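# Structural description and commentary
If you want the building blocks of each chain, they are given just below.
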Amino acid sequence: MADILMEVWDNILRYIQRHHSDCWRNWFEQIEPLSLERGVLRLAVTERSWRQYLQQVCNDRLVAAAQQVTGHLISLEYVSDEQESESDIPSISSKSSSPQEELLYFSPDYTFDNFVVGPCNRLSHATCVAVSEAPGQAYNPLFLHGSVGLGKTHLLQAASQAVLKNNPQAKIVYLSCETFVNHFIHAVERGGLYEFRHKYRYVDMLVIDDVQFLSDRERSQEEFFHTFNSLYQNRKQIILSADCSPAEIPKLEERLVSRFNQGLVTRMDKPDTETRMAIVRKKALMRGINPPEEVIEFIARKVDSNIRELEGTLTKVHGMAMLEGGVITIELARQALGDEPTPPHRQISISQIIESVTNHYNVRLSDLQGKRRSRSIAFPRQVCMYLARDLTPHSLEEIGGHFGGRDHTTVLHAYRSIDRLYESDNGIRQTIDGLVAGLTQNG
Ligand code: ADP
Ligand code: MG
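Read on for an overview of the structure. These numbers come from a predicted model, not from an experiment.

### So, the pattern of salt bridges
Using the criterion set out here, one finds 20 salt bridges in the structure. Residue R201 is joined to E223 by a salt bridge in which the shortest nitrogen-to-oxygen separation is 3.1 Å. Linking R201 in helix α7 (residues 193-201) with E223 in helix α8 (residues 218-233), this pair joins segments that are 22 residues apart in sequence. Summarising the burial analysis for this pair, R201 and E223 share the class buried. Across the pair R255 and E222 runs a salt bridge, and its minimum N-O distance is 2.9 Å. Of this pair, R255 sits in helix α9 (residues 254-261) while E222 sits in helix α8, and the two are 33 residues apart along the sequence. A relative accessible area of 28% places R255 in the partly exposed class. One connected set of salt bridges, linked through shared partners, spans D10, R14 and E29.

### Examining the environment of L13
Assignment of secondary structure puts L13 in helix α1 (residues 2-19). Between the C-alpha atom of L13 and that of L285, which follows or precedes it by 272 residues, the distance is 15 Å. The residues contacting L13, other than those within four sequence positions of it, are W24, F28 and E29.

### Overview of the sheet that holds strand β4 (residues 142-145)
One open sheet holds the five strands; their spatial order is β5-β6-β7-β4-β8, and the pairing between them is parallel. If you trace the sheet from one side to the other, it starts and ends with β5 (172-176) and β8 (264-267), each paired once. Taken over all neighbouring pairs, the strand axes of this sheet differ in orientation by 10° on average, direction set aside. Bridge analysis of β4 against β8 gives four bridges, and the strand direction is parallel. Opposite L144, over in β8, you have T266 as the bridge partner.

### Observations regarding the layout of surface pockets
Each pocket or cavity is described by its volume, and for the second largest pocket that value is around 1,000 Å³. Those elements giving two or more residues to the lining of the second largest pocket turn out to be α2 (48-70), α3 (99-103), α5 (152-166), β5 and α10 (273-286). At five residues, the largest contribution of residues to the lining of the second largest pocket is made by α5. For the lining of the second largest pocket, the class distribution of residues is 17 nonpolar, seven polar and nine charged.

### Focus on the sheet that holds strand β1 (residues 32-37)
Here we have three strands laid out as an open sheet, ordered β1-β2-β3, and mixed in their pairing. Every interior strand has two partners, whereas the edge strands, β1 and β3 (75-79), have only one. Neighbouring strand axes in the sheet, compared pairwise and without regard to direction, differ in orientation by 20° on average. Relative to strand β2 (residues 40-44), β1 is paired through five bridges, and the arrangement is antiparallel. Bridge pairing in β2 places P33 opposite L43. This element, α1, spans β1 and β2 of the sheet and lies at about 110° to β1.

Criteria and cut-off values
Residues numbered from 1 in each chain as written. Chains lettered and ligands numbered in written order. Predicted model: local features only at pLDDT ≥ 70, side-chain atom pairs only at ≥ 80, totals over all residues. Heavy atoms only, no water. Salt bridge = Lys/Arg side-chain N within 4 Å of Asp/Glu carboxyl O. Helix = DSSP H or I, 4+ residues; strand = E, 2+ residues; numbered from the N terminus. Buried < 20%, exposed > 50% of the residue type's maximum accessible area, 1.4 Å probe, protein only. Contact = heavy atoms within 4.5 Å. Pairing = 2+ DSSP bridges. Axes fitted to C-alpha atoms, helices over the stretch in contact; angles between N-to-C directions. 1 Å grid on protein atoms, 1.4 Å probe; cavity = no way out; pocket = protein on both sides within 12 Å on 5 of 7 lines; lining within 4 Å. Points joined across faces, edges and corners; volume = space filled by probe spheres on them. Nonpolar A, V, L, I, M, F, W, Y, C, P; charged D, E, K, R; others polar.

Have a look at this one:
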């Protein structure tokens, strides 16, 4: 019986690894099947975050795999040990989940072990480790900032999980700033401010992701200010992240900016090629994929800004390999991703960006630097600012300086507007990709 059980589980694992490697994780090997009775396969899963991951991310696929492998309808139960069954896992997948439920979910992927350290993130990583070893003592508050997809959320969750590992009783509140704001509004409307304050002010560590969401929200800022002070005075750790530095968050009260700057502010930059290669290697390992080095390098050179995209690219190449017999080769990677690898970025200057954009939109430099706000001028100006932020190391202030001395909030606004359009509008995406390709290839 035990042999059959092992075999069934093993076949399920292989099936998932073959067909859904994006959700397969190397720790699946540590799961122990306990029993298969009356259509229920019970699995011993030691870590709580693993159980949550199985329940919330791959349950459907596991059930389908179990059915495929055994020919029977089987449900799965993830238990922490042989006695206890875990039925109290909050669901984060449903849109209606309350903020309370959202607080509890940590991705098992987002640990320090799974984080690749490079020059771009060394300080942020080191400070998060230090804070998790001695919350409230090392750097308080700790403020991480950087563009999207560079690992802020990963480090915030890694620090939270490390604190919990050292001290399972620690009261940690981890949430996105959006949830904090929504919860606050809800509390104001329903008269639940007392509970709200109790919940956020009596914790050992408060971790809030994407605090740029406070921008232009006066009442939430006011509330946050008091939450912050209360925790800070009690020497409780506060960790924050944002897509820009405190001073660059538009319409953020000065007193909050100064509170955020009071501890340690560190910036996360784009990873260099070597770090990107190490990240692809790590992600491949986590998914049980073993691509040849040349493919790893090809992917790392191909996707050079957002790390989330690196992972997506790996998944795509692997998915294609599965259709073609399972072997990942460089030819296949080329086929999956199209054309030749892009050569490493050379230094791109703002003048080169301006030149390409003015040529493309047929406008003059003096228009971009002038005061006109008509769309035909304002739009190319925004595109320039967007590209300058993405492709050059200049600060928002410096970029604004090239366009008639506009201030950093204008540049940030431009960046966000174009970024949104990039996601939602295919035409604009093509234009931008074309401009980027021209700039990166011809220098
Ligand atoms: P952000 O919050 O800055 O937008 P995330 O933390 O969500 O970015 O990171 C995006 C993806 O990239 C995640 O899957 C994360 O695990 C991965 N990632 C980012 N930096 C690293 C790193 N240094 N090592 C491993 N994975 C990373
Ligand atoms: Mg994030």
